[in-house]
Amino acid sequence: MKILNIKGFKTALTTAVVGFLPAAANAATLDPNDFVGISFWLISMALVAATAFFFIETTRVEGKWKTSLTVSGLVTLVAAVHYFYMREVWVTTGESPTVFRYIDWLITVPLLMVEFYLILRAITKVSIGIFWRLMIGTLVMLVGGYAGEVGYINATLGFIIGMLGWAYILYEIFAGEASKVAATKASASVQSAFSTMRWIVTIGWAIYPLGYFMGYMNGAVSSDSLNIIYNIADVWNKIAFGVIIWNVAVTESEAKSK
Ligand SMILES: *C/C=C(C)/C=C/C=C(C)/C=C/C1=C(C)CCCC1(C)C
C-alpha cells in the first residue's frame, strides 16, 4: 500500500512537471529591465519548487495529515500554472492579468480555506458548517473584487462587498465555531499553527485590498506596483502558509511515532 502510494505520487509529480514545461519554454520575451515580469518568473519557479516539496513530503507524514499537505501542494501547483500565463500576459501586453489572477484566486483561496477545516478535522470531529461558511465568505470576497476590478460595478462598491466577505472569514476563524474548536480541542502545535494561519489571513491577506484600494480607488499605485504587490503577497500567502501546515504535520506525526 505504501509503495503504491509513492508510485502514484511519482506519476502525479511527473505529470505536473511535464505540464509545466510547455509554458516554461516560452520565456524568450523577458526584458531584463522588466522587474514585474522578473517577479512573475521568480514566483512561478518558487511555486513549482514548493509544489514538488509539499507533494514529496506527504510520504513523510502520518495518514490524516497527508490531505492537508496535498492541498498545500495543489494551491502552489494551480498558482504556478497561472503564473506562467500571467507572466505571458504581462510581458507581451504590459497589462495586468486580472482575469487569470482571479481564476487563480477562485481556486486557490477556497483551497486555503479548506486547510483550516482540514487541520481541525485531523484532530477532532468538526461540523461541515465551518467549511461552507468559509466558502461563502470567499466567494463574496472574490466576486465583489472581480466585479469592481473589471468595472462591472463601481470600484468602491466592489471593494465594500469584498471587505464584507473577508470580514466574515475573519469572524469565523477568530470568534466563530472554527476558533472555538481550535481553542478547546487542539494540541499545542495545532493551536499554534491555527493561530499563525489566521494571522496570515489577517495581515498577509490585507495586502490585496490595500493594493486594490491604492490601484483602483485613489489611483496612488500604477499597474506595475499593483502586480508586484499582489505577487509578493502570493508568495507569503501560498508558500509560507503551506510551510506552516507542513511544519505542524511533521511535528504531529513525529510526536505520534515516538
Ligand atoms: C493566493 C491568493 C490569495 C490568498 C488571494 C487573496 C485575495 C484577497 C484576500 C482579496 C481580497 C479583496 C478584498 C478583501 C476587498 C477588495 C477586493 C479583493 C478581492 C482584492
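Owing to the predicted nature of the structure, the values given are computational and were not obtained by experimental measurement. (Residues numbered from 1 in each chain as written. Predicted model: local features only at pLDDT ≥ 70, side-chain atom pairs only at ≥ 80, totals over all residues. Heavy atoms only, no water.)

### Here's the deal with the overall build of the chain
So, step 1. Secondary structure assignment for the chain yields nine helices and zero strands.
So, step 2. For the chain, with 258 residues in total, the buried portion stands at 48%.
So, step 3. Sequence-distant contacts, at least 24 apart, represent 77% of the contacts inside the chain between residues at least 6 apart.
So, step 4. Of the roughly 12,200 Å² of accessible surface on the chain, 70% is carried by carbon and sulfur atoms. (Helix = DSSP H or I, 4+ residues; strand = E, 2+ residues; numbered from the N terminus. Buried < 20%, exposed > 50% of the residue type's maximum accessible area, 1.4 Å probe, protein only. Contact = heavy atoms within 4.5 Å. Areas by Shrake-Rupley, 256 points an atom, 1.4 Å probe, with all protein chains shown as cover.)

### Focus: helix α7 (residues 177-185)
So, step 1. Turning to α7, its buried residues are A178, S179, V181 and A182. The buried residues of α7 occupy an angular sector of 160° when projected down its axis, which confines them to one face. The exposed set on the far side of α7, more than 90 degrees from its buried face, consists of K180, A183 and T184. (Arc of directions from axis to C-beta.)

### Focus: empty space enclosed by the protein
So, step 1. Tallied over the entire structure, the rule returns two cavities of 30 Å³ or more.
So, step 2. Considering only enclosed or pocket space, the largest cavity measures out at about 290 Å³ in volume.
So, step 3. Lining of the largest cavity is provided by 20 residues; of these, W105, M141, L142, Y208 and P209 occupy positions nearest its centre.
So, step 4. Looking at the lining of the largest cavity, the elements with two or more residues in it are α4 (98-121), α5 (128-150), α6 (155-174), α8 (188-217) and α9 (223-257).
So, step 5. If you tally residues by element for the lining of the largest cavity, the top one is α6, at five residues.
So, step 6. Tallied by class, the residues present in the lining of the largest cavity amount to 14 nonpolar, four polar and two charged. (1 Å grid on protein atoms, 1.4 Å probe; cavity = no way out; pocket = protein on both sides within 12 Å on 5 of 7 lines; lining within 4 Å. Points joined across faces, edges and corners; volume = space filled by probe spheres on them. Nonpolar A, V, L, I, M, F, W, Y, C, P; charged D, E, K, R; others polar.)

### Structural notes on the packing of α7 against α8
Geometry of a packed helix pair, given as the angle between the helix axes and the separation of the axes.
So, step 1. Where α7 contacts α8, the axes come no closer than 9 Å and their chain directions differ by 150°. One finds that α7 runs roughly antiparallel with respect to α8. As α7 packs across α8, the resulting crossing turns out to be left-handed. Contact residues: α7 offers A178, S179, A182 and A183, while α8 offers Q191, F194 and R198. (Axes fitted to C-alpha atoms, helices over the stretch in contact; angles between N-to-C directions. Parallel < 35°, antiparallel > 145°, perpendicular 65-115°, else oblique. Left-handed = near helix turned anticlockwise from the far one by under 90°.)

### Looking at the site of the ligand
So, step 1. Of all residues adjacent to the ligand, which total 18 residues, the nearest are Y102, W105, M141, Y208 and K238.
So, step 2. A total of 530 Å² of accessible area belongs to the ligand in isolation, and the protein chains cover 100% of it.
So, step 3. Assessed atom by atom at 2 Å from the grid points, the ligand resides in the largest cavity.
So, step 4. Taken together, the elements giving at least two residues each to the shell around the ligand come down to α4, α5, α6, α8 and α9.
So, step 5. Among the elements that line the shell around the ligand, the one with the most residues is α4, at five residues.
So, step 6. Its residues assigned to classes, the shell around the ligand comprises 12 nonpolar, four polar and two charged. (Near = heavy atom within 4 Å. Sits in = over half its atoms within 2 Å of the grid points.)

### So, the side chain of N231
So, step 1. With respect to the helices, strands and loops of the structure, N231 is situated in helix α9.
So, step 2. Relative accessible area serves as the criterion here: at 0%, N231 is assigned to the buried category.
So, step 3. Of note is the side chain of N231, whose polar atom sits 2.7 Å from the side chain of R101.
So, step 4. Discounting residues that sit within four places of it in the chain, N231 has contacts with V36, S39, F40, I43, Y83 and R101. (Polar contact = N/O pair within 3.5 Å; in protein donor to acceptor, adjacent residues only side chain to side chain.)

### Considerations on a nonpolar patch on the surface
So, step 1. A surface patch of nonpolar side chains, about 760 Å² in accessible area, is lined by I128, W132, I136, V140, L157, I161, Y168 and Y171.
So, step 2. Secondary structure elements with two or more residues in the nonpolar patch: α5 and α6.
So, step 3. With respect to the helices, strands and loops of the structure, W132 is situated in helix α5. (Patch = residues over 30% accessible without salt bridge, like charges linked within 9 Å, V, L, I, M, F, W, Y side chains within 5 Å. Salt bridge = Lys/Arg side-chain N within 4 Å of Asp/Glu carboxyl O.)

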